[in-house]
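Residues per chain are reported as follows:
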Amino acid sequence: MSKNIQKILIANRSEIAVRVINACQAMGIKSVAVYSDADENAKHKMLADEAVHIGEATPQKSYLDIEKIINAAKETNADAIHPGYGFLAENRLLAERCLEENIIFIGPSSDAINLLGNKVESRIIMADAGIPLIPGMKKSETDIEVYKKAADDCGYPVMVKAAAGGGGKGMRVVHTAEEIKDAVEAAKREAKNAFNDDRVYLEKYIVNPRHIEFQILADTHGNTIHLFERECSIQRRHQKIIEETPSVAMTDELRTRMGADAVRVAQAADYVSAGTVEFLLDESGHYYFLEMNTRIQVEHPITEMVTSVDLVIEQIKIAQGESIEHLKNIRQSGHAIECRIYAEDGENNFMPSIGQILHYSEPSGPGVRVDSGVQKGTDVTIDYDPIMAKLVVHAPSREIAISKMIQALHQFKILGVKTSKKFMVDILLHDKFISGETYTDFIEKYMSDRKDLADEYKELAVALAAVSASSGTASNSSTQTSDKIATPWQLLGAIQIGDSIHE
Amino acid sequence: MSKNIQKILIANRSEIAVRVINACQAMGIKSVAVYSDADENAKHKMLADEAVHIGEATPQKSYLDIEKIINAAKETNADAIHPGYGFLAENRLLAERCLEENIIFIGPSSDAINLLGNKVESRIIMADAGIPLIPGMKKSETDIEVYKKAADDCGYPVMVKAAAGGGGKGMRVVHTAEEIKDAVEAAKREAKNAFNDDRVYLEKYIVNPRHIEFQILADTHGNTIHLFERECSIQRRHQKIIEETPSVAMTDELRTRMGADAVRVAQAADYVSAGTVEFLLDESGHYYFLEMNTRIQVEHPITEMVTSVDLVIEQIKIAQGESIEHLKNIRQSGHAIECRIYAEDGENNFMPSIGQILHYSEPSGPGVRVDSGVQKGTDVTIDYDPIMAKLVVHAPSREIAISKMIQALHQFKILGVKTSKKFMVDILLHDKFISGETYTDFIEKYMSDRKDLADEYKELAVALAAVSASSGTASNSSTQTSDKIATPWQLLGAIQIGDSIHE
Amino acid sequence: MNNLDFDFNGETLTAQVAKSQNSFTVSFGDKEVQLEPLGDNLYAVSLNGTKYQAAVVASQGKYFVDIDSMLFEISDPQAETVAGGSGGHGGEKDKIFAPMPGKIVKLMVAGGDVVKEKQAMVIVEAMKMENQVLAMANGKVKAINFGEGDQVDTETPIIELELDE
Amino acid sequence: MNNLDFDFNGETLTAQVAKSQNSFTVSFGDKEVQLEPLGDNLYAVSLNGTKYQAAVVASQGKYFVDIDSMLFEISDPQAETVAGGSGGHGGEKDKIFAPMPGKIVKLMVAGGDVVKEKQAMVIVEAMKMENQVLAMANGKVKAINFGEGDQVDTETPIIELELDE
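Residues numbered from 1 in each chain as written. Chains lettered and ligands numbered in written order. Predicted model: local features only at pLDDT ≥ 70, side-chain atom pairs only at ≥ 80, totals over all residues. Heavy atoms only, no water.

1. Quick notes on the sheet that holds strand 13 (residues 287-293) of chain B
Backbone hydrogen bonds hold the strands of a sheet together, and the pairing may be parallel or antiparallel. All names here are of chain B. Spatially, eight strands are ordered 13-12-9-10-11-14-21-19 in an open sheet, and the strand pairing comes out antiparallel. Edge positions in the sheet fall to strand 13 and strand 19 (368-372), since each has one partner strand and no second. Mean inter-strand twist for the sheet, computed between neighbouring axes without regard to direction, equals 25°. The pairing of strand 12 (residues 273-281) with strand 13 spans six bridges and is classified as antiparallel. Residue pairing across strands places Leu 280 opposite Tyr 288, the latter belonging to strand 13. (Pairing = 2+ DSSP bridges. Helix = DSSP H or I, 4+ residues; strand = E, 2+ residues; numbered from the N terminus. Axes fitted to C-alpha atoms, helices over the stretch in contact; angles between N-to-C directions.)

So this is what it looks like as structure tokens:
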């Protein structure tokens, strides 16, 4: 019994909003963008069929305000809401309000969000279902002594994590008992800010793990499938920056077992829609369930490249009541890599970089895909996550995918803000990356003593400035640049850059 | 026994040269471009690692001059030559000279080119191999009466074709005996010009056919496979403009039979490398072998999209002596469409349009691929084929691929020369296209009485001019535009636009 | 506020341009077009609730426009004479021009021949295609200025006719 | 021919620019860089037989450059004072600035505290990340100009120190 969606409101911004608009256009569905004061000029606002202003730049007063989203949907007669990732994507209240207002929520049920969003409760369910788990605390506590005791039981290092978490926010690795208090407090503050929920807990920290996740699709007809793994071990500040599929660590046998467990996780939560089951895989081939993300994931395109499945379209079809029966024989072909293009300085501890984009040009050609939320003229502000675009390549082999990605990074030109393109090129060229030794501490271990090659480029760089100067277009760009670069500044997470884990 | 290629000279220009450079970069192989006077400023010249000037704009004095190509390869120590499509791609002499100079020719043997390039001889071999053929003349003749007699035997309409042909050049459909002489003469002149070979023959013209072709790969280890079909029925002036795969006319049973025959064609010619076996499929499901193209095809990307095989990389690997064993389980996933972006006026009989590209921006995002040979500032001249770029989409279904292509065409902005974007949008929106009634006379039958909607756009168009004028960048572009548009001008082939067939 | 006149296929439209912080409104009487910039030369354009993806670039007194794949060239009346000489030879039915530079591969008439409207006069090859140039009116061949194999431009007539009354 | 001086990380380079029909040659003594335009702001650049893909754009007296993913910002000495005020506060070790606008989430020192180089002083949240600002020298806290929860810009010091001799 399927209901055809006519108009989707996208409760998000930047590249994922553009991605969903793309899917709507492909399906002949009208799209509604929402935007804050900071996004007057944003790509997603301009590409959607309609756009509704929902408030101030502060996320709490716009993208995180459920009632404003619901009102925008009612005002524009949108019959469905797609939450993207981040913001309200894993907020069960939005799903509930949609149900009340008879709007289709393109995602799982509020019960599934609720269960899986709470890392503590979901661990209990998953333990019962026989899914392997990392030892640690079962829930958030107020007494810091409970955290210390739990850490002692697990043995150091331990990891402090937000119960409502994701995206590296509210996470800290702790090596000694003395650091526990500060880490728990900082994690609580970040969690409160990011998710409006300051519950944090603690568990054993797995050394030399890989981050392996399985893409799940589940429909309302009882079909739950996985679309193979993604390896997302290359992380800075607990946030993925390079993802790939297949994982070099995977054997057919391991893939079959982990995939089956991923499906069981989704089934145990009565999950419907697209979701991702995250595992840590240690060097001996043991794996541990981390969490299930109840949303489309930033890195979903690499799965799309190797399976030829459009996950956002499938999400929408599932929300319409359609079956995923036709996807049961899906296979992996070739190798795909994604590099996230953040506005951040890869040469300076990934410090966020703000400013106006003065030049923007994308690579194209066979096996190259760009999902972008920005364009020339876009102001990258301090208000939101600094993701600008995702660069994805697909090739017959991992080796070719790596070369293709390096070439595509070189061709992807964004001027006006800093990026980590060069840092990612250096990762991709690194022997240890090429040989597949991609553990989650890769960046800390191998990238801390990069050579400064600036001097070798001095003539090239000055030659470009000189040609620009003498072409008479010496100030061919615009206004409002203000990327003032820091000095006595260090990122908190950067204290232990990349020393661990998760989304 | 494989020999690793270190450096490839690309004996071609525009998008296919860029495509091969891409493959080289992905494989870590150095690339050498060649360029004529007209291509001083061309994209392929600038992207290659090295570039060699090979003469005047006239193809005979540069891209068609075998010795200049060979010398450029020797001068740059290129150990292989990729011929692209067109120009020398199906010239056996280049393959022979390569052999003599110990340069790897990335393509079939000169014997295979020779056999298959001669439509007359190849028909004999294929008839012996049991491949179904269209009735008609067996070879080129000097006496016009022989053509008339053959036409009478087949029954009108008949088709005059160049023995060395391809790309619609040297082809004419003839409906009455009176037209035969003019058609044969014109075809001979065109064939002489295009292929330096004026042999033409004549055969029965199949009414309401579809153009179905099968992609072939064959290695030096005895493996010959097909990578499914492409339907290329949407043609103007006998030249494909929209291609898709899978074909709506295909059943599993028919695909199996035609694919097996395609493989037999390649085997009968001892074929190695990538090639394409072209068939006509009539309404009753009978099919006829047309020819085998002994090169990479313009429309190869749609096969790449649905199979995840990189055909150019496989061509290079085959030339290195590698096996295609690993491709034997290839499958088709989803639906892919290609639109060729020519510099031609879709609103005026596809008249070639020359000029400088004043603005150029490509679409991007999931399932969108652009193979392009031009950029802002490129001069589109009268010297070469007017192909600028190929827009390719891939989607889970034909319906979604069509919407996605329409959206991508709208987003692909090329200003300064005319294109057929709007014409192709109208095809894609046409009921008969959507229902799959894609016969080779589609354009003649359904597109001759398009409505002129210009008036509905007048405020929009003028609003854009007004904003451009008042933005103070009123002359933000360049020099040398000279696209003078014709009046008492009609394309020869346009007399019977789209009334038939082939490449 | 800015009033600008443009010629659209012979019709004069007066556009009133208003700029706000991030967008433009262009009014034609009570019709309003909204334009939001999407990067270099690119705009999201709305009229009557429909949104289009558009591009515009100005060159040599002309505006080149793409609106959802519809292409337009709009002359700037302020720069009317810039293009000079070009713009086709539509008015001169007694002269046969090549509309783009190319090579004559076949002359199909001779001096003194009587020709009919739409009769093929000459075949010019350009961009690897043979193209047939037709007579635009009935008449008689007065002069042939080039021979087969000659290169021709767009400014000198290939053939001149004496038109029937 | 054109001689231009540029500052590259403190070193002055004198570039001599020569333009040919389709390309540029920029010489630094006997080193020659070739540049071929590849569209708006884009160039294929060669030095010593190696080819790079580059982009350059000028804004407010600075040239923003990307050469095979290496990013540079080069100041135009002719426009040196345009940026004014910004450019970091590297010289002033006695003042603790936020390097980008944000919100103070935690003050980790109080007036009169003795601090050591690299000690964390304050946590500022920007772009959804907490960021720790460190002392650049040993000293004593002289003034704290903001409180927790305050918005800060990059121009007013958050904390002022009295540095050790």
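2. Here's the deal with the interface of chain C and chain A
Between chain C and chain A, the contact holds nine residues from the first and eleven residues from the second. Between chain C and chain A, a total of about 880 Å² is buried, with carbon and sulfur atoms accounting for 45% of that surface. The three residues of chain C that bury the most area against chain A are Asn 22, Leu 38 and Lys 51 of chain C, which together make up 52% of that side's buried surface. Taken together, chain C and chain A are joined by two salt bridges. One salt bridge connects Lys 376 of chain A with Asp 40 of chain C, and the closest N-O pair in it is separated by 2.8 Å. The tally of links between chain C and chain A comes to five residue pairs in polar contact (both at pLDDT 80 or more). Sorting the residues of the side of chain C that touches chain A by element identifies strand 4 (31-37) and strand 6 (50-59) of chain C as the ones contributing at least two each. (Contact = heavy atoms within 4.5 Å. Buried area = accessible area lost by both parts, 1.4 Å probe. Salt bridge = Lys/Arg side-chain N within 4 Å of Asp/Glu carboxyl O. Polar contact = N/O pair within 3.5 Å; in protein donor to acceptor, adjacent residues only side chain to side chain.)

3. Re the domain arrangement of chain A
All names here are of chain A. What the domain assignment reports for chain A is domain 1 (7-106), domain 2 (135-204) and domain 3 (210-456). Inter-centroid distance (C-alpha atoms) of domain 1 to domain 3 is 24 Å. Contacts between the two partners involve 32 residues from domain 1 and, on the opposite side, 32 residues from domain 3. Both faces combined, the contact of domain 1 with domain 3 buries some 2,300 Å², and carbon together with sulfur accounts for 58% of it. A per-residue breakdown of the area domain 1 buries against domain 3 is headed by Glu 15, Arg 19 and Lys 43, which together make up 27% of the total. If you look at where domain 1 meets domain 3, you find four salt bridges. In this structure, Glu 90 engages Arg 295 in a salt bridge whose closest nitrogen and oxygen atoms are separated by 2.4 Å. Taken together, domain 1 and domain 3 are joined by eleven residue pairs in polar contact (both at pLDDT 80 or more). When contributions to the side of domain 1 that touches domain 3 are tallied by element, the ones reaching two or more residues are helix 1 (14-27) and helix 2 (43-47). (Domains from an automatic or database assignment.)

4. Regarding the environment of Glu 40 of chain A
Within the secondary structure, Glu 40 of chain A sits in the loop between strand 2 (30-35) and helix 2. Note on Glu 40 of chain A: relative accessible area 29%, which makes it partly exposed. C-alpha of Glu 40 of chain A to C-alpha of Ala 191 of chain A: the two residues are 151 residues apart in sequence and 28 Å apart in space. Those residues in contact with Glu 40 of chain A that lie beyond four places of it in its chain are Tyr 35, Lys 45 and Met 46 of chain A together with Asn 22 of chain C. (Buried < 20%, exposed > 50% of the residue type's maximum accessible area, 1.4 Å probe, protein only.)

5. Looking at empty space enclosed by the protein
The method is simple in principle: a probe with the dimensions of a water molecule rolls over the atoms, and the space it marks as empty is what remains. For the structure on display, the rule yields 17 cavities of 30 Å³ or more. One number sums up the size of the second largest cavity: a volume of about 470 Å³. Every residue lining the second largest cavity is counted, 29 residues in all, and those nearest its centre are Met 305, Gly 367 and His 394 of chain A together with Met 305 and His 394 of chain B. Elements with a minimum of two residues in the lining of the second largest cavity: helix 10 (300-307), strand 19 (368-372) and strand 21 (387-395) of chain A together with helix 10 (300-307), strand 19 and strand 21 (387-395) of chain B. Residues of the lining of the second largest cavity, tallied by class, amount to twelve nonpolar, eight polar and nine charged. (1 Å grid on protein atoms, 1.4 Å probe; cavity = no way out; pocket = protein on both sides within 12 Å on 5 of 7 lines; lining within 4 Å. Points joined across faces, edges and corners; volume = space filled by probe spheres on them. Nonpolar A, V, L, I, M, F, W, Y, C, P; charged D, E, K, R; others polar.)

6. Quick look at the pattern of salt bridges
For side chains of opposite charge, pairing can occur when their charged atoms come near one another. All names here are of chain B. Per the stated rule, a full pass over the model turns up 106 salt bridges over all chains. Here Glu 100 ties to Arg 97 by a salt bridge, and the two come within 2.8 Å at their closest N and O atoms. On the criterion of helical spacing, the pair formed by Glu 100 and Arg 97 is a turn pair, its members being three residues apart in helix 4 (residues 92-101). In this structure, Asp 455 engages Lys 458 in a salt bridge whose closest nitrogen and oxygen atoms are separated by 3.8 Å.

7. Quick word on the interface of chain C and chain B
At the junction of the two partners, chain C supplies 69 residues and chain B supplies 73 residues. A buried area of about 6,400 Å², summed over both sides, lies between chain C and chain B, and 67% of it is on carbon and sulfur atoms. One can count six salt bridges joining chain C with chain B. Of the charged contacts, one joins Lys 418 of chain B and Glu 73 of chain C as a salt bridge, the two residues approaching to 3.4 Å between their closest N and O atoms. Viewed at the interface, chain B and chain C are joined by eleven residue pairs in polar contact (both at pLDDT 80 or more).

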